[in-house]
Amino acid sequence: MTDRTPDLHPEAKTILDQVDLPPTHGLSVEGARRALRDLLVSDEAPEDDLTVRNLSIPGPEGPETPLDVRAYTPPSDAALPVLVYFHGGGWVRGDLDTHDGLCRLLAQAVNCVVVSVDYRRAPEHPFPTPVHDAYAATEWAAAYADIVGGDGERIAVGGDSAGGNLAAAVTLRARERGGPDIDHQVLLYPVTDYDLDTDSYHENAEGYLLSRASMRWYWNRYLDDDLDGANPYASPLRAPDLADLPSATVVTAGYDPLRDEGAAYADRLREAGVAVTHANYPGMVHVFASFPDLGRAQDARETVASDLDSAFGR
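Remember, it's a predicted structure, so these values are computed and weren't measured experimentally. (Residues numbered from 1 in each chain as written. Predicted model: local features only at pLDDT ≥ 70, side-chain atom pairs only at ≥ 80, totals over all residues. Heavy atoms only, no water.)

A. Representation of the nonpolar core in the model. Ranked by size, the top nonpolar core spans 63 residues in total, and within it Phe-86, Trp-219 and Tyr-222 carry the most contacts. Looking at this core, the element that brings in the most residues is helix α5 (residues 162-177), giving eight residues. Aside from chain neighbours lying at most four places away, what touches Phe-86 is Val-117, Tyr-119, Ala-134, Thr-138, Val-157, Gly-158, Gly-159, Asp-160, Gly-163, Leu-166, Ala-167 and Val-170. Within the second largest apolar cluster, 37 residues are counted, among which are Leu-83, Tyr-208, Met-284 and Ala-289. (Core = buried A, V, L, I, M, F, W, Y, C linked by side-chain atoms within 4.5 Å. Buried < 20%, exposed > 50% of the residue type's maximum accessible area, 1.4 Å probe, protein only. Helix = DSSP H or I, 4+ residues; strand = E, 2+ residues; numbered from the N terminus. Contact = heavy atoms within 4.5 Å.)

B. Seen up close, the pattern of salt bridges. Taken as a whole and assessed by the stated rule, the structure comprises 17 salt bridges. A salt bridge links Arg-120 to Asp-133, with the shortest nitrogen-to-oxygen separation between them at 2.7 Å. Linking Arg-120 in the loop between β4 (113-118) and α4 (129-144) with Asp-133 in helix α4, this pair joins segments that are 13 residues apart in sequence. Residue class for Arg-120 comes out partly exposed when judged on its relative accessible area of 21%. On the basis of relative accessibility, which here comes to 0%, the residue Asp-133 falls in the buried class. Overlapping salt bridges, with partners in common, bring together Arg-37, Asp-48, Arg-70, Asp-95, Asp-97, Asp-100 and Arg-104 in one network. (Salt bridge = Lys/Arg side-chain N within 4 Å of Asp/Glu carboxyl O.)

C. Examining the packing of aromatic side chains more closely. Applying the stated criterion across every chain yields a total of ten aromatic pairs. The structure contains a cluster of three or more aromatic residues connected by ring pairs, namely Trp-91, Phe-127, Tyr-194, Trp-219 and Tyr-222. (Phe/Tyr/Trp six-rings, centres within 6.5 Å; stacked < 30°, edge-to-face > 60°.)

D. Looking closely at the packing of helix α3 (residues 100-110) against helix α9 (residues 295-311). Look at α3 against α9: their axes get within 9 Å of each other, and the N-to-C directions meet at 50°. Considering the angle they form, α3 stands oblique to α9. Helix-helix and strand crossings are classified by hand; for α3 and α9 the assignment is right-handed. Packed against α3, whose contacting residues are Leu-105, Leu-106, Ala-109 and Val-110, the element α9 presents Arg-301, Val-304, Ala-305, Leu-308 and Asp-309 at the interface. Per-class residue counts for the contact of α3 with α9 are seven nonpolar, no polar and two charged. (Axes fitted to C-alpha atoms, helices over the stretch in contact; angles between N-to-C directions. Parallel < 35°, antiparallel > 145°, perpendicular 65-115°, else oblique. Left-handed = near helix turned anticlockwise from the far one by under 90°. Nonpolar A, V, L, I, M, F, W, Y, C, P; charged D, E, K, R; others polar.)

E. Examining the layout of surface pockets more closely. A volume near 1600 Å³ is recorded for the largest pocket. Taken together, 49 residues make up the lining of the largest pocket; nearest its centre are Leu-39, Leu-40, Val-41, Thr-98 and Ser-290. Of all the secondary structure elements, the ones that give two or more residues to the lining of the largest pocket are α2 (29-40), α3 and α7 (212-222). Looking at which element gives the most residues to the lining of the largest pocket, the answer is α3, with six residues. In terms of residue class, the lining of the largest pocket is made up of 21 nonpolar, 17 polar and eleven charged. (1 Å grid on protein atoms, 1.4 Å probe; cavity = no way out; pocket = protein on both sides within 12 Å on 5 of 7 lines; lining within 4 Å. Points joined across faces, edges and corners; volume = space filled by probe spheres on them.)

Next up, the structure:
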C-alpha cells in the first residue's frame, strides 16, 4: 500500500476510527454477514416521517421465487418518482436492515420513494441470479409503483459497491430487452470490472475498509467460473457498447480500491454519449456516503438528489 495518508480527509479518519470490521477475507460467509449486521443494524427507532412498508414481490421465476423489498415513501399528496436500490456487500452480505439508514437518507434527500431490494446472495445464489433478481424488482417497481405511492413512469436504479454493479447491469439488460424505461442510474463507488490490478487496487490494497484481498474473496464467491468475469452483467465496464443507457451519477472515493473502475465506467459512459456526473472525493474511503452527519457524505447525497431531480423532470 502506498502511504498517502497525509491526504486522507479528516472525515475519512473519523470513519476509520468508528468502523471496527474484521477483514472479510478472514471470515466465513456467515461470520462476514454477522459482522456487517452487528456494525450497521440499530435498535434505535428512526427519526423521520417516512412511511415504510415491507413487501414480498414475484421474483424472476414468478411467485415461486419471491423477493422481499422495503419501500420508503416520504409524505406527499402526489405520486413520487421511484429509486430502486440494491445494497452493497460484495453480493455476499448486506440486506434490507444493513442499508435501512442509507435508504432513509436517500428517500429524504431526493424526496422520492426508495424501493430497497433483498436480492438473493452468493455463494448460495451466485452470478447471474442477483442480476435476475435486480431486474425483476425493477420491472415490478415500474408496473406497481402506485402500491407504495410511486410513479411508475419515473424510475431510477441505484446501489453502492456491489449494488452499484447490479444497478449498472440492470440498465444494460433493460436496454437489451426494451424496458422498463429507466431515467437515471446512481452508482456509489460501484464494482464495474473483474480486475484487481488497477492502480487504485494497489494503492489502497489494505487499511481503508475495503481491501484488495476482500474483493478477491467476494468475487470468488460471486462467480462460479472466472470466465463469467468477462460477462458484461458481471463486469459492465467490459460491455462492448454503452450507448443509449440512462444518465448516470457515479460517486468515487480516492482511498477506495474501486476508484479507478468507477472512474473508467463514468468515462466510457460519457464517451458513448450518456450524460454523466462523476463526483470523486479524493480524501474519502469506501462507503462514506452512508454516514449521516459527515459533510462529504451529505455533499454526495445532494449531488445524487440534484441529478435525480433533473432526470425526473422536476
